[in-house]
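Structure at a glance
Here is what each chain is made of, one letter per residue.
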Amino acid sequence: MVKHARKRQKTLKTAAYDDLAAVPTKAARLEMLMDEEAKDDEERKLESMLFGVKYMPRGVSKGKGKDMSGDEDENENEDVEGLGELGGREMQHLQDQDLFYVDDGAASNNFSHPDLGLEDSDAEQDQNSESDSHPSDSDSDSSSSSTSARKSTQRHHKSLIQSKSKPPAWTDPSDAQPTAHVSLLSGPARLRKLRQAVGEDEISGLEYETRLRSQFERINPEPTWARKARKGSKRKDDGDESEDGVEDLWASTTGILADGKKKRGPVVIPQGTLELERVRDANQSVQGSGSGEVRVLAFHPKPSVPVLCVATADRRVRLFSIDGHLSPLLTTIHMPTLPLTSPTSALFHPQGNSMLLSGPRPFFYTYDLQQGTSTLHRRGLWGSGSSIFDDSAVLSTNNGKRRKRGQDTTLVGGKDNKGGLGGGGNTSTLTHTAFSPGTGSMLAVAGKGGEVHLVDWKSGAGQVVGSLKCTSGGGGGGGGIQGLWWVPGSTSEDSALGMGTGGAGGDSERHLAVLTGEAEVYIWDVAQRRCVRRWRDEGGYRGAGRVLAGGGSASGGWMGIGSSSGFVNVYGSDSFSIPDALSTTFSSSSSNNPKLVKALGHLTTPISTLRFNHDAQILAMASKEKKDALRLVHLPSLTAFGNWPTSSTPLGHVTAVDFAAGSEYVAVGNTRGRVLLYHLRGYGAGA
């Protein structure tokens, strides 16, 4: 005989649930289910795990219910515990007028005595509208609680609160409208847990947001680290109320970095390792245009203007705004009849308001940066009848032969495209130009036969006012002019052409250093138009001189000379000092030669680029003939940085290098038309 399971005896709770089925109305059954006294400890633990409510043992809740004398204190403690658990943030989106009501007694006459059974007119209208539009089948307690909640939200519905430190990204104005209501019974089933009373049905949009926040924070308590951070910030705000604009100060980095840079003094770059990081290419937006190799790279001379000029083989000059991220294109200047062949074909004026665009043609362009307009000067610097820049000489450099495809017919640096000497040197090219530092009132232009022409740029007419002749011992100009550099910090007190002695930048516009193709350096006094010093580069020979560059001041400056053998000779400030400024003669003997500080032999092919940074701590030297032939040298120690470039650095054949005005960035151009941009961390962020 099969034994049946023994029937369980009905307990008090089971009997209560059996009686629940006999309850006729839905509201009464829901109220019985919400009865806390009928729940045992297991059911309470289950609710705590599922809904995130605080677990209260059955005995504790009964004690609170029976003890009516300490009801007020217990409710206060319970509220404090709730605030600690939720962090007090479930109503942070409400304004103060939505949370508090100040009873000043002024409106007491508007209400009748409670014994007369009269109510306020507004409350009566709210109750009447509620009873007409939303009939409820719940008892009187639930309807009164729903009515009070609706009145509180309808009375304060103007707007959500904005955080003191940061405003909300977006607010929905429809949530704060009085007509916005959400139904908790007719909507999804999960909305029923937001009810505060059994028969509560509709609530306002503001109240709905408040309950959602409260429910979310019950299920997902605030992390400890966030609670501590909020307490710390609140304590800081309460302790120091004078720092009202500190949030706006920390929101911007430009001013802080600029002040910090001034306070810390001059930047000192250590040797061995250079801290830099690669950012997006400067011409990333136009790399697919087929612009050809990069011919010129020039940063704007003013540190407050982060503009980079890029001149390419397609006879276009592009200006980019360097921000270290996108570097957008500002403008493009196209000159179909003017090839850009030399490193100084695009040159910024020292004042930063214009550009000089020149090439192997008898004319040139000037571009006004403020107005964004370009001007063609057809007469050139010498007029239309001058033969100094004869266009026919450019076309006849191949001796009447047809120019091959891809072959450049212009002369660069006094040499033809095969590397040989072209005629008498710089016969037909405007290869080298240099503005005087400071005011930029003088322009030095390398002409043919070893001549350097001085142009009065201050008057705006661009007229030649003098010439300097650099003759060599063997005659013929020595392969032409290979470099021009205005010597800083001259001590001469004579007035230059068109310049006063007390003018800004006048002291640095008096002496000019010129490098010839025979590796000879001439120091010229432009005021008296005479050579005050002449010496030969150590180890130099005819055709060896390629590049001249200088940097620093008269007391702590440097001069670098790049040769065709790949060596770069570095000299100190004694290389351009004037021992006797009043002497009318000069000596070219070996005793007049400066002392060679060091010969840098890191490269083995002819040097094509030399560039000092603004404070003469870094020297960039590169050769176009060999791939990845670029080195950065630490000048105080005269050693190359070992950490960059690496074997994976995509340099290619480097054609141009330039530093920003504050050395925040270094730009590297190559034959593939790319302008690699690197940020030097030691000099801070760009302007």
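Numbers given to residues run from 1 along each chain, matching the order in which its sequence is written. Local features in this predicted model are restricted to residues whose pLDDT is 70 or higher, and side-chain atom pairs enter the listing and the counts only when it is 80 or higher, whereas totals over whole chains, interfaces and linings include all residues. Calculation of side-chain values draws on the structure's entire complement of heavy atoms; hydrogens and water are dropped beforehand.

Once that is clear, we can look at the sheet that holds strand β18 (residues 520-525). What the four strands build is an open sheet, ordered β16-β17-β18-β19; its pairing is antiparallel. If you trace the sheet from one side to the other, it starts and ends with β16 (481-486) and β19 (530-536), each paired once. With direction set aside, neighbouring strand axes in the sheet form an average angle of 20 degrees. Criterion used throughout: strands pair if DSSP finds at least two bridges between them. Helix and strand assignments follow DSSP, with helices taken as H or I runs no shorter than four residues and strands as E runs no shorter than two, numbered in order from the N terminus. In this sheet, β18 lies alongside strand β17 (residues 511-516) in antiparallel orientation, the contact comprising five bridges. In this description, a line fitted to the C-alpha atoms serves as the axis of each element, helices being fitted only across the stretch in contact, and the angle between N-to-C directions of two axes falls anywhere from 0 to 180 degrees.

The next thing to look at is the pairing of strand β26 (residues 630-634). A 1.4 Å probe rolled over the protein chains alone gives each residue an accessible area, and that area as a share of the maximum for its type sets the label: buried under 20%, exposed over 50%, partly exposed in between. The element β26 is largely enclosed, with a buried count of four among its five residues. Taken together, the two bridges between β26 and strand β27 (residues 639-640) define a ladder with antiparallel strand orientation. Within the sheet, the bridge partner assigned to H634 lies in β27 and is T639. In this antiparallel pair of consecutive strands, β26 and β27, the connection spans four residues, and L638 shows a positive phi of 55 degrees.

Turning to the sheet that holds strand β4 (residues 294-299), a few remarks are in order. Strand order in the open sheet made by the four strands is β4-β5-β6-β7, with antiparallel pairing throughout. With one partner strand each, in any of the chains shown, β4 and β7 (329-334) form the two edges of the open sheet. Adjacent strand axes in the sheet meet at a mean angle of 15 degrees when their direction is disregarded. Bridge count between strand β6 (residues 316-321) and β7: five bridges; the pairing is antiparallel. Looking at the pairing, R318 lines up with T332 of β7.

We now examine a nonpolar patch on the surface. A surface patch of nonpolar side chains, about 350 Å² in accessible area, is lined by L46, L50, F51 and V53. With respect to the helices and strands, L46 occurs in helix α3 (residues 41-51). Note that patches include only residues with greater than 30% relative accessible area and no salt bridge, and the join distances are 9 Å for like charges and 5 Å for nonpolar side chains (Val, Leu, Ile, Met, Phe, Trp, Tyr). Note on areas: these come from Shrake-Rupley sampling with a 1.4 Å probe, and a residue is covered only by the protein chains present in the view. Definition used for salt bridges: Asp or Glu carboxyl oxygen within 4 Å of a side-chain nitrogen of Lys or Arg.

Attention now moves to the pattern of salt bridges. Counted according to the given criterion, the structure contains 15 salt bridges. R230 serves as the salt-bridge partner of E222, at 2.2 Å between the closest nitrogen and oxygen. E222 gets classed as buried once you look at its relative accessible area, which sits at 6%. Relative accessible area serves as the criterion here: at 30%, R230 is assigned to the partly exposed category. Ionic pairing is found between D314 and R318, a salt bridge with its closest N-O pair at 3.3 Å. What makes D314 buried here is its relative accessible area of 18%. A residue is classified by how much of its surface remains accessible, and R318, at 7% relative accessible area, is buried. Among the charged side chains, a salt-bridge network with shared partners connects E200, E207 and R211.

This part covers the state of the cysteines. Disulfides are defined as pairs of cysteine sulfur atoms found within 2.5 Å of each other. All chains considered together, the criterion is met by zero disulfides. Not part of a disulfide, C531 finds its nearest cysteine sulfur in C470, a span of 7.3 Å. For C531, a relative accessible area of 8% puts it in the buried group.

As for its placement among the helices and strands, T646 is situated in the loop between β27 and β28 (654-659). The sequence separation of T646 and D628 amounts to 18 residues, and the corresponding C-alpha distance is 9.2 Å.

Detailed conclusions should not be drawn from predicted coordinates in areas where pLDDT is low. Along the chain, pLDDT gives the predictor's confidence residue by residue, from 0 to 100. The share of residues in the protein chain with pLDDT of 70 or more is 61%, and the mean pLDDT across the chain is 74. Any two residues whose heavy atoms approach within 4.5 Å are treated as being in contact. The model gives residues 61-87 a pLDDT under 50, and that stretch makes 18 contacts with residues more than four places away or in other chains. For the stretch residues 490-505, pLDDT sits under 50, and the model shows 36 contacts to residues farther than four places along the chain or on other chains.

Attention now moves to the packing of aromatic side chains. Aromatic contacts are taken between Phe, Tyr and Trp rings whose centres are within 6.5 Å, Trp giving its six-membered ring; a plane angle under 30 degrees counts as stacked, one over 60 as edge-to-face, and the others as tilted. Across all of its chains, the model carries seven aromatic pairs by this definition. Clustering of aromatic rings is evident, with ring pairs tying together F364, F435 and W457.

Take the number of residues in a helix, subtract one, and multiply by 1.5 Å to get its expected span. In this model helix α9 (residues 205-219) runs 21 Å from its N-terminal to its C-terminal C-alpha over 15 residues, within 8% of the 21 Å that 1.5 Å per residue would give. Buried within α9 we find G205, L206, E207, E209, T210, R211, S214, Q215 and E217.

With that settled, the discussion passes to the pairing of strand β22 (residues 568-571). Two faces belong to every sheet, and in a regular strand the side chains alternate between them. The side-chain alternation of β22 yields two buried faces, one formed by V568 and V570 and the other by N569 and Y571. Summarising the sheet, strand β21 (residues 558-563) and β22 pair through four bridges and their orientation is antiparallel. Within β22, the position partnered with I561 by the bridge is N569. Hairpin connection between β21 and β22: a loop of four residues separates the two successive antiparallel strands, and G566 in this loop has a positive phi of roughly 100 degrees. Relative to strand β23 (residues 596-600), β22 runs antiparallel, the two being bridged by four bridges. Each bridged residue has a counterpart across the sheet, and for N569 the counterpart in β23 is A599.

Below, the discussion takes up the nonpolar core. When a protein is soluble and globular, its nonpolar side chains tend to lie buried together. Nonpolar cores were defined as sets of buried Ala, Val, Leu, Ile, Met, Phe, Trp, Tyr and Cys residues, with membership established by side-chain atoms within 4.5 Å. Within the largest apolar cluster, 21 residues are counted, with the highest numbers of intra-cluster contacts made by L274, I618, L630, L632 and L680. Of all the elements in the fold, those that place two or more residues in this core are β25 (618-622), β26, β28, β29 (665-670) and β30 (675-680). Aside from chain neighbours lying at most four places away, what touches I618 is L274, R611, F612, N613, L632, V633, L635, F641, F659, L680 and Y683. Grouped together as the second largest cluster of nonpolar side chains are 18 residues, I333, L340, Y365 and Y367 included.

What follows concerns unusual backbone geometry. Cis peptide bonds are those with omega within 30 degrees of zero, and the linkage from W644 to P645 qualifies with 0 degrees. One non-glycine residue with positive phi stands out, namely D628, at about 60 degrees. Structurally, D628 is set in the loop between β25 and β26. Exposure remark for D628: the relative accessible area of 28% places this residue in the partly exposed category. The backbone of L638 shows a phi angle near 55 degrees, a positive value even though the residue is not glycine. Counting through the fold element by element, L638 comes out in the loop between β26 and β27. By relative accessible area, L638 is classed as buried at 8%.

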